[in-house]
Amino acid sequence: PWIHYRGAMSLQRTLAIIKPDAMEAGKAGAIIARIQEEGFTIQGMRQLHMTLGQAEGFYDVHRERPFFGELTEFMSRGPIVVLALEAEAAIDKWRGVIGATDPAKADAGTIRKLYGKDVGENAVHGSDAPETAAREIGYFFPGCDVRPTA
């Protein structure tokens with residue numbers, strides 16, 4: 001029911017997060033404007049301040065990695081904005097707009113190049129696969145009508 005066809009491609013949903021560093025720097029408005037300029041439809045959006053437990057739950061797949069503690073502390077240090085975005089090939093499109101995880105290696109004009117500080121504080125998050133997007137959107141928008149397409 002969620003697949004809409006425009007030519008050969010279908011609409012897809014992905015999760016975007018404007019992270020605490022970008023919020024602290026006052027870049028949320030610019031990032032949201034960029035999302036709209038790039039042709040994404042915002043299907044859901046909310047601001048929240050994750051607890052450490054919520055951050056640990058969201059990043060549970062990384063629990064055994066050495067950066068887990070630093071990541072979850074960072075993500076729970078201040079407000080974030082979570083967005084469910086929709087566009088054709090939304091996951092790959094959003095990842096192209098945000099750029100490489102390391103802002104120093106990100107292409108010019110990408111969000112992370114413009115607003116990221118380093119690998120740990122890189123301004124934004126984007127889902128990396130349809131299954132991840134489904135889990136991530138469900139984490140922040142439980143019971144809401146923003147399920148990602150298959």
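Residues numbered from 1 in each chain as written. Predicted model: local features only at pLDDT ≥ 70, side-chain atom pairs only at ≥ 80, totals over all residues. Heavy atoms only, no water.

Enquirer: Explain the pattern of salt bridges to me, please; I cannot follow it from the model alone.
Expert: Two side chains bearing opposite charge may form a pair once their charged atoms approach each other closely. Summed over the entire model, instances satisfying the criterion amount to six salt bridges. E24 is the salt-bridge partner of R77, the closest N and O atoms lying 2.7 Å from each other. Taken together, the residues span a long stretch of sequence, with R77 in the loop between helix 4 (68–75) and strand 4 (80–88) and E24 in helix 1 (residues 20–24) at a distance of 53 residues. On the basis of relative accessibility, which here comes to 48%, the residue E24 falls in the partly exposed class. Among the charged side chains, a salt-bridge network with shared partners connects E24, R77, K117 and E121. (Salt bridge = Lys/Arg side-chain N within 4 Å of Asp/Glu carboxyl O. Helix = DSSP H or I, 4+ residues; strand = E, 2+ residues; numbered from the N terminus. Buried < 20%, exposed > 50% of the residue type's maximum accessible area, 1.4 Å probe, protein only.)

Enquirer: How should the nonpolar core be read in this particular structure?
Expert: For soluble globular proteins, the rule of thumb is that nonpolar side chains tend to be buried together. Counting 20 residues, the largest nonpolar core has I18, F40, L83 and W94 as the members making the most contacts within it. Where this core is concerned, the elements lending two or more residues are strand 2 (9–18), helix 1, helix 2 (28–37), strand 4 and helix 5 (90–98). Beyond its immediate chain neighbours, meaning those up to four positions away, I18 contacts M23, A28, I31, I32, I80, V81, L83, A123 and V124. Counting residues in hydrophobic clusters, the runner-up holds 17 residues, among them I17, M50, A55 and V82. (Core = buried A, V, L, I, M, F, W, Y, C linked by side-chain atoms within 4.5 Å. Contact = heavy atoms within 4.5 Å.)

Enquirer: What exactly am I supposed to notice about the packing of aromatic side chains here?
Expert: The geometry of an aromatic ring pair is captured by two quantities: the separation of the ring centres and the angle between the planes. If you walk through the whole model with that rule in mind, you get five aromatic pairs. Aromatic pair F40 and W94: ring centres 5.8 Å apart, planes at 90°, arrangement edge-to-face. Of this pair, F40 sits in the loop between helix 2 and strand 3 (41–48) while W94 sits in helix 5, and the two are 54 residues apart along the sequence. The exposure class assigned to F40 is buried, which follows from its relative accessible area of 5%. Judged by centre distance (4.9 Å) and plane angle (45°), the ring pair of F58 and F140 falls under tilted. Taken as a pair, F58 in helix 3 (residues 52–58) and F140 in helix 7 (residues 130–140) lie far apart in primary sequence, 82 residues in all. Using a relative accessible area of 1% as the deciding quantity, one classes F58 as buried. In this structure an aromatic cluster arises from ring pairing among F58, Y59, Y139 and F140. Stacked on the ring of F40, the Lys or Arg K93 has its end atom at 5.0 Å from the ring centre. For R135, the ring lying beneath its charged end belongs to F58, and the centroid distance is 5.7 Å. (Phe/Tyr/Trp six-rings, centres within 6.5 Å; stacked < 30°, edge-to-face > 60°. Lys NZ or Arg CZ within 6 Å of the ring centre and 35° of its normal.)

Enquirer: In this structure, what is going on with the side chain of R13? I would like to understand it.
Expert: Here R13 shows up in strand 2. Here the side chain of R13 touches Q43 through a polar contact of 3.4 Å, side chain to side chain. (Polar contact = N/O pair within 3.5 Å; in protein donor to acceptor, adjacent residues only side chain to side chain.)

Enquirer: Mind showing me how you'd approach the pairing of strand 4 here?
Expert: Working note: regular strand, side chains alternate between the two faces of the sheet. Buried residues dominate strand 4, accounting for eight of its nine residues. Bridge count between strand 3 and strand 4: seven bridges; the pairing is antiparallel. The partner of R46 across the bridge, within strand 4, is V82. (Pairing = 2+ DSSP bridges.)

Enquirer: How do you make sense of unusual backbone geometry when you look at a structure like this?
Expert: As a rule of thumb, non-glycine residues mostly have phi less than zero, and peptide bonds are mostly trans rather than cis. Positioned with a positive phi, A89 is a non-glycine residue whose angle comes to about 50°. Residue position: A89 is located in the loop between strand 4 and helix 5.

Enquirer: Just checking my understanding: could you explain the side chain of D21 for this structure?
Expert: Note on placement: D21 falls in helix 1. Here D21 sits buried without a salt bridge, and the closest side chain of opposite charge, K117, lies 5.4 Å off (N-O distance). At a separation of 3.0 Å, a polar atom in the side chain of D21 contacts the main-chain amide nitrogen of A123. Every residue in contact with D21, bar those within four places of it in the chain, is listed here: F74, R77, Y115, K117, E121, N122 and A123. (Lys, Arg positive; Asp, Glu negative; His and termini not counted.)

Any functional reading would require information beyond the geometric quantities listed.
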